[in-house]
Amino acid sequence: MPKKEGIRKLFDSIAPEYDRLNHLLSLDIDKRWRRKAIAEAVCPGKAQEILDVACGTGDFTIGTAMAAAEGSRVTGIDLSEGMLDIGRKKAAQAGLGDKIEMVQGDCESLPYQDHSFDRVTVAFGVRNFEHLDIGLKEMLRVLKPGGKAVILELSTPQNPILNFLYRLYFLHILPAIGGLVSGDKGAYRYLPASVIRFPGPAEFMRLMSECGYTDVRHRAFTCGICRMYTGIRKETL
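Residues numbered from 1 in each chain as written. Predicted model: local features only at pLDDT ≥ 70, side-chain atom pairs only at ≥ 80, totals over all residues. Heavy atoms only, no water.

As annotated in an unreviewed UniProt entry, the chain is Demethylmenaquinone methyltransferase from Candidatus Cryptobacteroides excrementavium. Looking at the chain in UniProt, the text filed under Pathway (unreviewed entry) is "Quinol/quinone metabolism; menaquinone biosynthesis; menaquinol from 1,4-dihydroxy-2-naphthoate: step 2/2." The record held by UniProt for the chain lists under Function (unreviewed entry) the comment "Methyltransferase required for the conversion of demethylmenaquinol (DMKH2) to menaquinol (MKH2)." (UniProt positions renumbered as here; feature names shortened; annotations may be inferred.)

Chemist: I would appreciate a short explanation of the overall build of the chain in the present structure.
Modeler: A tally of regular secondary structure across the chain gives eight helices and seven strands. Taken against the 2.2 N^0.38 rule, which gives 18 Å for 237 residues, the C-alpha radius of gyration of the chain at 17 Å falls within 12% of a compact globule. Dimensions of the chain, computed from C-alpha atoms along their principal axes, come out at roughly 45 × 40 × 35 Å. Relative to its full complement of 237 residues, the chain shows a buried share of 52%. Taking contacts inside the chain between residues at least 6 apart in sequence as the whole, the part at least 24 apart equals 74%. For the chain, the exposed area adds up to about 10900 Å²; of that, 55% sits on carbon and sulfur atoms. Both charge centroids of the chain, one from 32 positive and one from 29 negative side chains, sit 5 Å from each other. (Helix = DSSP H or I, 4+ residues; strand = E, 2+ residues; numbered from the N terminus. Rg over C-alpha atoms; globule rule 2.2 N^0.38 Å. Buried < 20%, exposed > 50% of the residue type's maximum accessible area, 1.4 Å probe, protein only. Contact = heavy atoms within 4.5 Å. Areas by Shrake-Rupley, 256 points an atom, 1.4 Å probe, with all protein chains shown as cover. Lys, Arg positive; Asp, Glu negative; His and termini not counted. Charge placed at Lys NZ, Arg CZ, Asp CG, Glu CD.)

Chemist: Is there a simple way to think about a nonpolar patch on the surface in this case?
Modeler: Where nonpolar side chains cluster on the molecular surface, the patch consists of Leu24, Ile161, Leu162, Phe164, Leu165, Leu168, Ile173 and Ile177 and spans about 730 Å² of accessible area. Ranked by the residues each element gives to the nonpolar patch, the list is headed by helix H6 (residues 160-182), at seven residues. Structurally, Ile173 can be placed in helix H6. Judged by its relative accessible area of 39%, Ile173 falls in the partly exposed class. (Patch = residues over 30% accessible without salt bridge, like charges linked within 9 Å, V, L, I, M, F, W, Y side chains within 5 Å. Salt bridge = Lys/Arg side-chain N within 4 Å of Asp/Glu carboxyl O.)

Chemist: Can you help me understand the pattern of salt bridges in this one?
Modeler: If charged atoms from side chains of opposite charge come close, those side chains can pair. Tallied over the entire structure, the rule returns 17 salt bridges. When the shortest N-O distance is used, the salt bridge between Lys90 and Asp59 registers 2.6 Å. Within this pair, whereas Lys90 is found in helix H4 (residues 81-93), its partner Asp59 is found in helix H3 (residues 59-67), the two being separated by 31 residues in sequence. For Asp59, a relative accessible area of 22% translates into the label partly exposed. Put simply, Asp85 and Arg88 hold a salt bridge, and the shortest N to O gap is 3.2 Å. In this pair, Asp85 and Arg88 are both assigned in helix H4, three residues apart and thus about one turn of the helix distant. Exposure remark for Asp85: the relative accessible area of 36% places this residue in the partly exposed category. Salt bridges sharing common partners tie together Lys4, Asp106 and Glu108.

Chemist: So what exactly am I meant to see when it comes to the sheet that holds strand E7 (residues 226-232) here?
Modeler: Think of a sheet as strands paired side by side through backbone hydrogen bonds, with each pair either parallel or antiparallel. Taking strand neighbours across the sheet as the criterion, the seven strands line up as E3-E2-E1-E4-E5-E7-E6 in an open arrangement whose pairing is mixed. Edge positions in the sheet fall to strand E3 (100-104) and strand E6 (214-221), since each has one partner strand and no second. The sheet shows a mean angle of 15 degrees between the axes of neighbouring strands, direction not considered. Pairing between strand E4 (residues 117-123) and strand E5 (residues 143-154): six bridges, direction parallel. Within the sheet, the bridge partner assigned to Val120 lies in E5 and is Ala149. The sheet strands contacting H3 are strand E1 (49-53), strand E2 (73-78), E3 and E4, and the helix crosses E2 at an angle near 175 degrees. Set on the sheet, H4 makes contact with E2 and E3; between it and E3 the angle comes to about 170 degrees. (Pairing = 2+ DSSP bridges. Axes fitted to C-alpha atoms, helices over the stretch in contact; angles between N-to-C directions.)

Have a look at this one:
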């Protein structure tokens, strides 16, 4: 089937166990990475319109809404209705129903007008885009002039020893645990493989620049296991 439909079905199938496994398999370090990216995206004291692309079960969406100033609005969009169902429940439990909207939609064809958002974010989802360049251009299209994209994504360490240990865990141990708990071995073989295939930092930054972002920057977290990319939509159209 087309990758997009496969991704939707994959995440629908693992949605019930996704949060628990996500935090377990990352030893909760993913929470620290999210906090750093949220701090990069949010402007204290300034109301913002924020779009969280490939929002999944809403951890990043909810964290952003909690950190954003009064009057801000955070919209999460994702292909998987199964993931969104969980995210909506979490947002309601956090008392953020009036600050968050979570909608089902295609991240490569965003249902929003040009220049609608001050920030566009995506945490651990950009590697699942069927067409990476199209997704990046859509994110840029809906940014206001001067707006910023903040992209958080898993990566591979550049240190050879760490890289070997990481691949051993990621390609063998993680799929076994994930498959056992979720009942979907295929999903937890796909997820680490998608990280290995994702462009390295230099290549991804070049792609962001080619798609139209300016002032493209990169930060590595935890020895390069996770990376944060930022880019700006230029002020003049």
